[in-house]
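Fold and geometry: a report
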Amino acid sequence: MRIIDIIIKKRDNQILSKEELEFVIRNYTNGTIPDYQMSSLLMAIYFNGMTKKEATDLAIAMRDSGDVFDLSAIEGLKVDKHSTGGVGDKVTLVLAPLMAAVGLKFAKMSGRGLGHTGGTLDKLESIENFKIELTEEDFVKQVNEINLAVIGQSKNITPADKLLYALRDVTGTVPSIPLIASSIMSKKLASGSDIICLDVKVGSGAFMQTIKEAEKLARLMVEIGALANKKVQAVLTNMDEPLGNNIGNSLEVIEAIETLNGEGPKDLETVTFTIGALLMEAANLAKGDEAIQLMKEKIATKEALNKLIEMVEKQGGNSAQIKNPDLFKKAPQIVAFKAEKNGYIEKMETEKIGLAAMVLGAGRAQKDDEIDHTVGLSFKKKIGAYVKKGDVIAEIHAQEKGVKEALTLLKEAIIIGNDKKTITLIEGIIK
Ligand code: URA
């Protein structure tokens, strides 16, 4: 087999075989295929697309380029969720203890944030001494004992995806639906769970800006899952405003705790319950309203909150902070971002809001940047709210760094006008 023949085949819009895709991934990962030929193939895929079977074969070849988690030592059904990346997205922090409380196993490998979206690991590390590294043995033991663990990726998962993503980033080939779908699914197929719910974000703060595109991506990922023998479902959720009110690491953990105490924002609760109900349905535990009722009970009885406390204790963290969120370290100053005129909040450019949190130090511009767990934004008003000139729209929790820039970004991002707009939070479910 020769890479040049495979490039020509894709250039001419023909279908690549499983063997050809395996050849490409194996030889790109071991350095035999140079970047210039891989770039050419990626561009041909970008323009000519892939069939479902090709995207599945590509995802499986990428999965097999590295370690694959074997969670068979964990008894019971393992559930997982994945978000394509949002602003203020702390769903995992609420959903994981909820699923553990209803009796499912939540054994999750999470990632860090880059750019305007935050990562679950960074959020969890705002809890004092919380350890994100466990040995595989301790990870399995913990999930068997308390149904729950969230850790970082220690193994060499999908090295092909890491190399390909970096190349796509510099060759204009990131926004290709089959490449995104196979990239995300390769990691999910390597994570070892039985049931997966994908949260595909749509809107101004998301990868996919239109419902049509998001639906196409979600459908392809669900189909890849089915062809790879996993139960995968997807929910399309709106990202035209941040999810919940808080953005920034400890601020998001605090909001997740409030939600587990039954006092969280409605939108965060809705997305969490929607994903939770889909996971519970796929696990044949309960569905629809019955599943939501069960989750509400686990919140009312504090069983879900107690699961988070147990996880924090098992992973070495200070659970007193979960019991009393006032114990989280605070940023030295709070600066108000105020409305400049009367009217309704019509639009929030979510990506710019994520960037505002990033410039304060809540996120990373570069992979190795240090982050500050205390800084971020706390919104008092979102889309559809009426504000008078001088009303506080958001509080900026900050050090000295980035305040001016954050204020400018917020000013650009938040549009006040005469129309009272509403948001449809759940844009679709794909099973
Ligand atoms: N997230 C991924 O993991 N891969 C992509 O290609 C895009 C988003």
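The structure reproduced in this document is the subject of the present report. (Residues numbered from 1 in each chain as written. Predicted model: local features only at pLDDT ≥ 70, side-chain atom pairs only at ≥ 80, totals over all residues. Heavy atoms only, no water.)

**Observations regarding a nonpolar patch on the surface**
- Taken together, Met43, Tyr46 and Phe47 make up a surface patch of nonpolar side chains, about 300 Å² in accessible area.
- Along the chain, Phe47 falls in helix H3 (residues 35-48). (Patch = residues over 30% accessible without salt bridge, like charges linked within 9 Å, V, L, I, M, F, W, Y side chains within 5 Å. Areas by Shrake-Rupley, 256 points an atom, 1.4 Å probe, with all protein chains shown as cover. Salt bridge = Lys/Arg side-chain N within 4 Å of Asp/Glu carboxyl O. Helix = DSSP H or I, 4+ residues; strand = E, 2+ residues; numbered from the N terminus.)

**Topic: helix H9 (residues 177-190)**
- A rise of 1.5 Å per residue sets the reference length of H9, with its 14 residues, at 20 Å; its end C-alpha atoms lie 20 Å apart and thus fit the reference within 8%.
- Within H9, 13 of the 14 residues are buried, leaving the element largely enclosed by the surrounding structure.
- Of the residues trailing H9, Gly192 is marked for its positive phi of about 85 degrees. (Expected span 1.5 Å × (residues − 1). Buried < 20%, exposed > 50% of the residue type's maximum accessible area, 1.4 Å probe, protein only.)

**Overview of the nonpolar core**
- In this structure, Met99, Ile353, Leu377, Phe379, Ile393, Leu410 and Ile414 are the most contacted members of the largest nonpolar core, which totals 85 residues.
- The dominant element in this core, judged by the number of residues it contributes, is helix H5 (residues 91-102), at 10 residues.
- Structurally, this core is a two-domain feature, drawing no fewer than three residues from each of domain 2 (78-323) and domain 3 (331-417).
- If sequence neighbours within four positions are ignored, Phe379 has contacts with Pro242, Asn245, Ile247, Met348, Ile353, Ile393, Ala394, Leu410 and Ile414.
- In terms of nonpolar packing, the next biggest core, distinct from the first, is built from 26 residues, Ile180, Ile184, Ala218 and Val222 among them. (Core = buried A, V, L, I, M, F, W, Y, C linked by side-chain atoms within 4.5 Å. Domains from an automatic or database assignment. Contact = heavy atoms within 4.5 Å.)

**Here's the deal with the sheet that holds strand S9 (residues 376-379)**
- If you trace the 4 strands from one edge of the open sheet to the other, you get S6-S9-S11-S7, paired in antiparallel fashion. What marks the edges here is a single partner per strand, and that holds for strand S6 (246-247) and strand S7 (333-338).
- The pairing of S9 with strand S11 (residues 392-398) spans 4 bridges and is antiparallel. Each bridged residue has a counterpart across the sheet, and for Gly376 the counterpart in S11 is His397.
- The sheet contacts of helix H17 (residues 403-413) involve S7, S9 and S11, and relative to S7 the element is tilted by about 25 degrees. (Pairing = 2+ DSSP bridges. Axes fitted to C-alpha atoms, helices over the stretch in contact; angles between N-to-C directions.)

**Section: the pattern of salt bridges**
- One pass over the full model with this rule turns up 32 salt bridges.
- For Arg364, the salt bridge is made with Asp122, and the minimal N-O distance between the two is 2.9 Å. Of this pair, Arg364 sits in the loop between helix H16 (350-360) and S9 while Asp122 is found in helix H6 (residues 120-124), placing the two residues 242 residues apart along the sequence. Comparing Arg364 with Asp122 shows no difference in burial state: the two are buried.

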